[in-house]
Amino acid sequence: MPLERLLLNINGVERAVVFDPEKDTLAVTLRRMGLTGTKLGCKIGVCGSCSVILDGKLIRSCTKKLKNVPERSEVLTIEGIGTPRNLHPLQQAFITYGSVQCGFCSPGFIVSAYALLQENPAPSREEVRAWFQKNKNTCRCTGYKQIVDAVMAASKVMRGEATIDEITYIHESDIYGSSHPRPAALAKVCGVCDYGDDIKLKMPEGTAHLAVVLSEVPHAKIIDIDISEAEKMPGVYKVMLGKDVKGSNIMPNHTGHKRALGDDEPYSSIIVDKVIRKCGEVVALVAADTEEHTRAAAKKVKQNLEILPAYMDCLDAVAPDALRIFDEIPNTHILQPQLKGEDTKEIMENSDFVVEGSFSSQHQPHLPIEPEVVQAYWDTEGNMTIQCKAQAVGFSRFLMSAGIGLTPDKIRIIVNPTGGSFGYSVFQGSYALVATAVQNLNMPCTLTMSYEEHQHYTGKRTGSHSNGRLACNKDGKITAAEWDIVLDHGPYALVLAHLLASCTAFAYHGYNIPNVKALGRAVSTNHAHGVSYRGFGSPQIYTCTEALMDMLADKAGIDPFEFRYINMAKPGETSVSSSPYREYPMIQIMDIARPIYLEYKASAEKARAEGILRGVGVAQGGFNVTIGSHDSAEVALELNADGTITHYNTWEDMGQGGDIGTLTHTVKALEPLGIKPEQVHLVLNDTARCPDTGIAAASRSHYMAGFATLDAARKLMDAMRKPDGSYRTHAEMVAEGIPVKYIGRHDLHNDGLREQDPNTGVGDRTPTNMYCVNLAEVEVDPLTGKTKVLRMVAVSDCGVIGNLLAVNGQAYGGLSHCIGFALSEDYLDVRKHNNIDVCGIPHIQDIPDDIKIIHVENPRPNGPQGSSGCSENFQASAHMAVINGIFNATGVRIYELPAKPEKVKAALEAKARGENLAPKKYFLGSDLYEEIENIKNNPV
Ligand code: FES
């Protein structure tokens, strides 16, 4: 391989680089030099994480071939902009304004903003947004608003209109409810936080590089995987197949549902050896000495397959003559009824107004900017140590153990700094894969998937189809509701019982619906496998129920906001699960939202009077907190010799802020000791060092870890307390033989919670809930059908806020995912949807700068410091504010998400022809009434 040598001025210093002119890009070369602040996400120039400044011009370095860079060019990377001890104002502002969540995009944004401010020292917010749009800087976590806030603040410092001190957070006396920045932000804004692929470059010599060979068809029998050519390729250590997996090769996917049908549960294989059931399953795993060699060898693996019929939509998989995806399991394998009150059929017939409709939602892709990366090795204690993006470290150890043939206590999981997840990384298939390679090779191994591989390998939000009916009387009071929803979870899915529970029990959350007959169905297909995603089941059901609310309001001639108001539950009234709500803040929330709604409405009406298709949409919703009666969490607090505190937990941080949550709870819980934030050390997310705090999902972490921290703090302070009420020092504790480290625990086992009844759906599953009303003002271009969200507001009750920056981060980010879900995001075409751009990720101009988050902080009597959770409250129903806004703007309803321009345009054209493109009622496998009767007659 002939190489070249080039002199470059990098960050103000002349350096020589040696490179392969045929393939090396500037980004790859910089990273090889240790400048890993330049991140690689998409590698095709659409995410902006690799932004650097080359000879004064902002470029995306992942597509810049080094051979095209002139000698002595000046390159400025994030490392040359500022350092942890000498922050640039942009870096400080990103920390202070909460512009960093996972932080993977942050170096690229900061470099990009630096280039902007060189060109335009006093940009307007709109100019900042236009710059990031033009330069493709993409963030999946923040919703962009806090990034623009930071740039505006930093530009003032750079112009001398403010000092850096003025944009630096100063600790307030009470950390709880403050805007204390997250501790991890400092390394992230300086580009010195090592994410998975950065760690790959810094692994010791003797580390094997892995590449996956993925199935390219959705359903097939494997006749043979021919690895003969691949094995002969340079540098190859081994090509592994299913037979090389040391355990059962099965990744269980416990449905955990009493009504699950069939003689087995859907499962996946670590390396598939018999039947491929979706595109993107691993059929072979190649290990070689370099990444280049392993990828070259992977291309030589041949798949000899017998192609089987594939069901890419659950409407096909539920057809009576459909073949089974798993021989032992019917395609429709779980039914969860939701029943309340009297029989709905007769009530509907006697109601003044009834509407019905059929709705679909897509397999929403999570689209983190960082693709899947895993390292694994044997540690010095003989543990299989896996560094990955785990979102449930304890749970994962157990679920993967039989598959790889190691007991959970021999598996150690460490969470790498993670470039976003939003739920997909609860699935541990990739950790098992890399562990398998370590077992085969007895070498450390590292795997970085390309973004395309990541897209096809990882799970997605389950798709859905639903039929629904809703009835009310003349006064607008709802009399009865029916729905029948199918969740298309691909061939396998994790925690389906929870998913169905969320989907059925969150229908009409916050309302009083006296009579309900409904069903949730889980169906296997050959599409993407189902996995957690923020909102977990609730966006699917709100796609049906929040549309029906609007449709019924329209039919009854009542304003959609007021129609919802009329039907809000009052104290004592119950949810569709027949349990009183834990709280009743809905009227309060709506009262706060009403003036904003009226302002949006007036603005939209004025625009429509001028011929502009502008509308306002409303959607109400919320989510639960915790995973229910079997939830538990542990943390540990230790008093150190110097009087500082170390907190140990596994609050997995995907960017949501496990670090600041931990710090906030610790300082607050230890308030009597006067512990300051800088006196707290965090040891997080290493199962060898931390007790199991549970999964980072179900908006549970702040709640469960908060209580566990209070318990640990109480135990520690009780141990430290002297008879006179003062506290022992570490030295005094040691001298008296008193332990200095305490485990705190919280569980919900005896909290009187009732899991959802598999025969009726009755239940009271979680200790508290969250509530939110969302408003969106949208404008539709009649020529293209493109919808633009002009502004948005979320009035939310998450209890007492722990950290304002983190909660607002979840809010802005969640709303941005909702806009994407409503308008653009999809993973329908498993061949085409292979990068963030084609999947419809919202860029900055797709998200309004005018987003208001209004917190109604009703303290939770049974929450730590009065808090509940927060995250999923902001990604439950807000997409329907956009869809309902389109109806208000145009008079056409979009029933099947996403509302892409061509779909809206077709609906507008149909309306002009006097037609309606509403889908016909879906056949979901059986009649709702008959199925409910069958369930009543055959309880489990
Ligand atoms: Fe921007 Fe995560 S903070 S992608």
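Note that the structure is a prediction, hence the values are computed from the model and not measured. (Residues numbered from 1 in each chain as written. Predicted model: local features only at pLDDT ≥ 70, side-chain atom pairs only at ≥ 80, totals over all residues. Heavy atoms only, no water.)

K.L.:
Kindly report on the overall build of the protein, identifying the contributing residues and their values.
P.N.:
Summing up its helical and strand segments, the protein has 25 helices and 30 strands in all. Relative to its length of 940 residues, the protein is compact, with a C-alpha radius of gyration of 27 Å against a globular reference of 30 Å. Oriented by its inertia axes, the alpha-carbon framework of the protein measures out at about 80 × 75 × 70 Å. Burial status across the protein gives 65% buried among its 940 residues. (Helix = DSSP H or I, 4+ residues; strand = E, 2+ residues; numbered from the N terminus. Rg over C-alpha atoms; globule rule 2.2 N^0.38 Å. Buried < 20%, exposed > 50% of the residue type's maximum accessible area, 1.4 Å probe, protein only.)

K.L.:
Explain the sheet that holds strand β5 (residues 74-76) residue by residue, including any values.
P.N.:
The strands that make up a sheet are held in pairs by hydrogen bonds between backbone atoms, and each pair lies either parallel or antiparallel. Taken in spatial order, the five strands line up as β2-β1-β5-β3-β4 in an open sheet, and their pairing is mixed. The open sheet terminates on both sides in strands that have one partner only, identified here as β2 (13-19) and β4 (57-60). Averaged over all neighbouring strand pairs, the angle between strand axes comes to 40 degrees, with direction disregarded. Of the pairings in the sheet, the one linking strand β3 (residues 51-54) to β5 comprises two bridges and is antiparallel in character. Pairing of I53 across the sheet is with L76, part of β5. (Pairing = 2+ DSSP bridges. Axes fitted to C-alpha atoms, helices over the stretch in contact; angles between N-to-C directions.)

K.L.:
Before we move on, could you go through a nonpolar patch on the surface and cite the residues and values that matter?
P.N.:
Taken together, the side chains of M1, L3 and V18 define a hydrophobic patch exposed on the protein surface, amounting to about 330 Å² of accessible area. Inspection of the secondary structure puts M1 in the segment before β1 (4-10). A relative accessible area of 69% means that M1 is categorised as exposed. (Patch = residues over 30% accessible without salt bridge, like charges linked within 9 Å, V, L, I, M, F, W, Y side chains within 5 Å. Areas by Shrake-Rupley, 256 points an atom, 1.4 Å probe, with all protein chains shown as cover. Salt bridge = Lys/Arg side-chain N within 4 Å of Asp/Glu carboxyl O.)

K.L.:
Describe the pairing of β1, listing the residues and the values that go with them.
P.N.:
Across seven bridges, β1 lies against β2 in antiparallel orientation. If you follow L6 over to β2, its bridge partner there is V17. Where β1 folds back on β2, the antiparallel hairpin that results is connected by two residues, among which N11 adopts a positive phi of roughly 55 degrees.

K.L.:
Help me get a handle on the side chain of H527, residues and values and all.
P.N.:
Turning to its location among the elements, H527 is positioned in the loop between β22 (516-523) and α16 (538-556). Judged by relative accessible area, which is 1%, H527 ranks as buried. One polar contact links the side chain of H527 to the main-chain carbonyl oxygen of L828, over a distance of 3.0 Å. (Polar contact = N/O pair within 3.5 Å; in protein donor to acceptor, adjacent residues only side chain to side chain.)

K.L.:
Any details on the nonpolar core? Residues and values, ideally.
P.N.:
Ranked by size, the top nonpolar core spans 159 residues in total, and within it F94, W483 and Y508 carry the most contacts. At ten residues, the largest contribution of residues to this core is made by α16. Ignoring anything within four residues of it in the chain, the contact list for F94 reads S99, V100, S106, F109, I110, I147, A150, V151 and V189. V393, F427, Y492 and M654 belong to the second largest nonpolar core, which has 48 residues in total. (Core = buried A, V, L, I, M, F, W, Y, C linked by side-chain atoms within 4.5 Å. Contact = heavy atoms within 4.5 Å.)

K.L.:
Report on the sheet that holds strand β6 (residues 208-214), specifying residues and quantitative values.
P.N.:
An order of β8-β12-β6-β19-β16-β17-β18 is seen for the seven strands of this open sheet, with the pairing classed as mixed. With one partner strand each, in any of the chains shown, β8 (236-240) and β18 (411-415) form the two edges of the open sheet. Each adjacent strand pair in this sheet contributes to an overall mean axis angle of 20 degrees, direction not counted.

K.L.:
Before we move on, can you summarise the pattern of salt bridges with the specific residues and values?
P.N.:
All chains considered together, the criterion is met by 59 salt bridges. Of the charged contacts, one joins K668 and D174 as a salt bridge, the two residues approaching to 3.2 Å between their closest N and O atoms. On the criterion of sequence distance, the pair formed by K668 in helix α19 (residues 658-669) and D174 in the loop between α5 (145-158) and α6 (185-190) is long-range, its members being 494 residues apart. Here K668 falls in the buried class, since its relative accessible area comes to 16%. In this structure, E599 and R791 form a salt bridge, with 2.9 Å as the shortest nitrogen-oxygen distance. Placement of E599 in helix α18 (residues 586-609) and of R791 in strand β29 (residues 787-797) is noted, with a sequence separation of 192 residues between them. Among the residues examined, E599 registers a relative accessible area of 43% and is labelled partly exposed. Taken together, the shared-partner salt bridges connect R31, K39, D197, D198, K200 and E291 into one network.

K.L.:
Can you break down the environment of E127 residue by residue, with the values?
P.N.:
Topologically, E127 is positioned in helix α4 (residues 125-134). With relative accessibility at 40%, the residue E127 sits in the partly exposed group. Leave out the neighbours within four places in its chain, and E127 touches N120 and A122. Of the polar contacts made by the side chain of E127, one reaches the side chain of N120; its length is 3.3 Å. Separated by 2.8 Å, the side chain of E127 and the backbone nitrogen of S124 make a polar contact.

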